[in-house]
Structures are given as structure tokens and as C-alpha cells.
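# Descriptive structure summary
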Amino acid sequence: MSRIVVFGAGGRAGVRVVAEAAGRGHEVTAVVRDPARHRELGGARVKVVAGDVTDGGSVAAVAAGHDVALQVAARLDMASEEFYTAATRALVDGLGRAGVSRLVALGIGSLLEVSPGVRLIDTPGFPADARAFSLGHAAELELLEASALDWVVIAPPPVFLDAEAERTGRYRFGDGRVPEAGEGDPVFSYADLAVALVDEAEAPRHRRAQVAVSY
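Rules of the game
- Residues numbered from 1 in each chain as written.
- Predicted model: local features only at pLDDT ≥ 70, side-chain atom pairs only at ≥ 80, totals over all residues.
- Heavy atoms only, no water.
- Phe/Tyr/Trp six-rings, centres within 6.5 Å; stacked < 30°, edge-to-face > 60°.
- Buried < 20%, exposed > 50% of the residue type's maximum accessible area, 1.4 Å probe, protein only.
- Helix = DSSP H or I, 4+ residues; strand = E, 2+ residues; numbered from the N terminus.
- Axes fitted to C-alpha atoms, helices over the stretch in contact; angles between N-to-C directions.
- Parallel < 35°, antiparallel > 145°, perpendicular 65-115°, else oblique.
- Left-handed = near helix turned anticlockwise from the far one by under 90°.
- Contact = heavy atoms within 4.5 Å.
- Expected span 1.5 Å × (residues − 1).
- Pairing = 2+ DSSP bridges.
- Salt bridge = Lys/Arg side-chain N within 4 Å of Asp/Glu carboxyl O.
- 1 Å grid on protein atoms, 1.4 Å probe; cavity = no way out; pocket = protein on both sides within 12 Å on 5 of 7 lines; lining within 4 Å.
- Points joined across faces, edges and corners; volume = space filled by probe spheres on them.

## Concerning the packing of aromatic side chains
Applying the stated rule across the entire model yields four aromatic pairs. Taking 4.9 Å as the distance between ring centres and 75 degrees as the angle between the ring planes, the aromatic pair formed by Phe 83 and Tyr 84 counts as edge-to-face. The class of Phe 83 is buried, set by a relative accessible area of 1%. Look at Phe 188 and Tyr 215: their rings are 4.7 Å apart centre to centre, the planes differ by 65 degrees, and that puts the pair in the edge-to-face class. Note that Phe 188 is positioned in the loop between strand E9 (172-173) and helix H5 (190-202) and Tyr 215 in the segment after strand E10 (209-214), a separation of 27 residues in sequence. Taking the relative accessible area as the measure of exposure, Phe 188 reaches 2% and is therefore buried. Three or more aromatic residues joined by ring pairs form one cluster here, namely Phe 83, Tyr 84 and Phe 133.

Following this line, the structure appears as C-alpha cells:
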């Protein structure tokens, strides 16, 4: 059993990560900005706390005593690059102060490569608004690469994930390339994304790299 702190626990990925980790018997600290809005997260193995992933002191306080951190937070009320830069700097600082060396972060599929050295966001016709959001994750990667953390960024396919599908427990890790999808393959789900994230938190298979996950 591990003690896992989840930043962004109230989001679509976060609620599933919390449920997946607690269901396996881990002690989970679910970090949200306003616990009163996320009473559904509470449970026998879940403690819901207020925290700010963009503040190093807050990160250090809520992460103290944990074995691993998961970062699945996002903010739509501020620029992506501003948020992910602030959050990553705070995580590097705060987790270091808390003595938590392992970080599993949710990435974005648009930063995966479609050919050697060519990311999806760099292809002709890629939407400008989606590119701007993706560049926040790119800034996150650069900061993690310069840090001393034992990190991994897990990037799902560059599509809208299925928020309704039930957990199957099935997934596969790839590399830094956009996963190939076969005709008739289901859309990757948040439920199975949570399985992959918690698996990586339990038993690290990838270190200091961005990797794809898909069916």
C-alpha cells in the first residue's frame, strides 16, 4: 500500500484516478481548490484537502509524507502556458521540499510525434487554439527535464477521451509517437487512462520521459 497525492483530483481524469487508487487499497490525498465542491471524492481511504498546485508551499504541505504524486490538474481560466509553467515549477519545488521524488503527470497527445522530430502540433493546419493549449504542456516537459524529479508524462491519444465508458483495465504504453489506431478501435477512456496512471505510480516502468498510452 502506498500513500498517493493527486493534484487536480476533481477533474475528469482526477476523480477516476482517486477511485482507482483507493480501490486498490492505497491511501489517497485528493487535492482540489475547494473541497466543499467535491464531496463525492471522500471515502474510507480518501482524504480531500484544499491545495494550490501553482504554489510551492501548498504543494509541499499537502505532499509531505506521501510516496508518489500524480498531476492531472488543468485550468481553463488562465493561459495554458502560464498555468503549466507555474504548476510545474511549484511541483518541482514543493515535492522536493516534501521529499517526494516520483511524479506521474498527465500529458497531451498533440505533443507526440507523427514522424521523426515532427510533433502533431507542428503539422500544417493544426488548430491555433489547440496549439496554444498544447504549448503549456510543452513548457511543462521542458521544466521537468531540467529538474531532479523522477518523472513520467503519460500522453493519451490526441482525441476527446470517452468519459462514459466503463473500466476495462486494458491499455498499452507506446513511445513518443502518436499511437496507431485500427479501424473500429474504441476511443480511449478516462477510466482506462486512470488504470495506466495508477499502474505507473505503483510500479514505475518509465522514467524521465513522455510516453504514449492507448488501446
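## Things to note about the packing of helix H3 (residues 80-98) against helix H4 (residues 128-145)
Between H3 and H4, the least distance of the axes is 7 Å, while the angle of their chain directions is 20 degrees. Of the possible angle classes, the one that applies to H3 and H4 is roughly parallel. Crossing handedness for the pair H3 and H4: right-handed. Residues Ser 80, Glu 81, Tyr 84, Thr 85, Thr 88, Arg 89 and Val 92 of H3 lie in contact with H4, whose contacting residues are Ala 132, Phe 133, Leu 135, Gly 136, His 137, Ala 139, Glu 140, Leu 143 and Leu 144.

## Overview of H3
The terminal C-alpha atoms of H3 lie 26 Å apart, and with 19 residues this matches the ideal 27 Å at 1.5 Å per residue to within 8%. All buried positions along H3 are accounted for by Ser 80, Phe 83, Tyr 84, Thr 85, Ala 87, Thr 88, Ala 90, Leu 91, Gly 94, Leu 95 and Ala 98. Among the residues trailing H3, Gly 99 stands out with phi positive, at a value near 75 degrees.

## Topic: the sheet that holds E9
Strand order in the open sheet formed by eight strands is E3-E2-E1-E4-E5-E8-E10-E9, and the pairing between neighbours is mixed. In this open sheet, the two edge strands, each paired with only one partner strand, are strand E3 (46-50) and E9. Taken together, the four bridges between strand E1 (residues 3-7) and strand E4 (residues 68-71) define a ladder with parallel strand orientation. Looking at the pairing, Val 5 lines up with Ala 69 of E4. The sheet contacts of helix H2 (residues 56-63) involve E1, strand E2 (27-32) and E3, and relative to E1 the element is tilted by about 150 degrees. Contacts between H3 and the sheet are confined to E1, E4 and strand E5 (102-106), with E4 contributing the most and set at about 175 degrees to the helix.

## Digging into the pattern of salt bridges
Two side chains bearing opposite charge may form a pair once their charged atoms approach each other closely. Scanning the model with the defined rule gives 14 salt bridges in all. One salt bridge in this structure joins Glu 20 and Arg 24, with 2.9 Å as the shortest N-O distance. By relative accessible area, which is 10% here, Glu 20 ends up buried. On the basis of relative accessible area, Arg 24 is assigned to the partly exposed category, the value being 29%. Across the pair Asp 122 and Arg 131 runs a salt bridge whose closest N-O atoms are separated by 2.9 Å. A relative accessible area of 34% means that Asp 122 is categorised as partly exposed. You can call Arg 131 partly exposed: its relative accessible area is 31%.

## A closer look at the layout of surface pockets
Approximately 1400 Å³ is the volume found for the largest pocket. Along its surface, the largest pocket is lined by 46 residues, and Arg 12, Ala 74, Leu 76, Tyr 84 and Phe 133 are the ones closest to its centre. Mapped onto the lining of the largest pocket, the elements with two or more residues apiece are helix H1 (12-23), E2, H3, H4 and H5. In terms of residues, the lining of the largest pocket owes the most to one element, H4, which gives six residues.

## Thoughts on the environment of Ala 87
Inspection of the secondary structure assignment puts Ala 87 in helix H3. Residue classification places Ala 87 among the buried positions, given a relative accessible area of 1%. Each C-alpha atom of the pair Ala 87 and Ala 201 lies 19 Å from the other, and the pair is 114 residues apart in sequence. Beyond its immediate chain neighbours, meaning those up to four positions away, Ala 87 contacts Val 53 and Thr 54.

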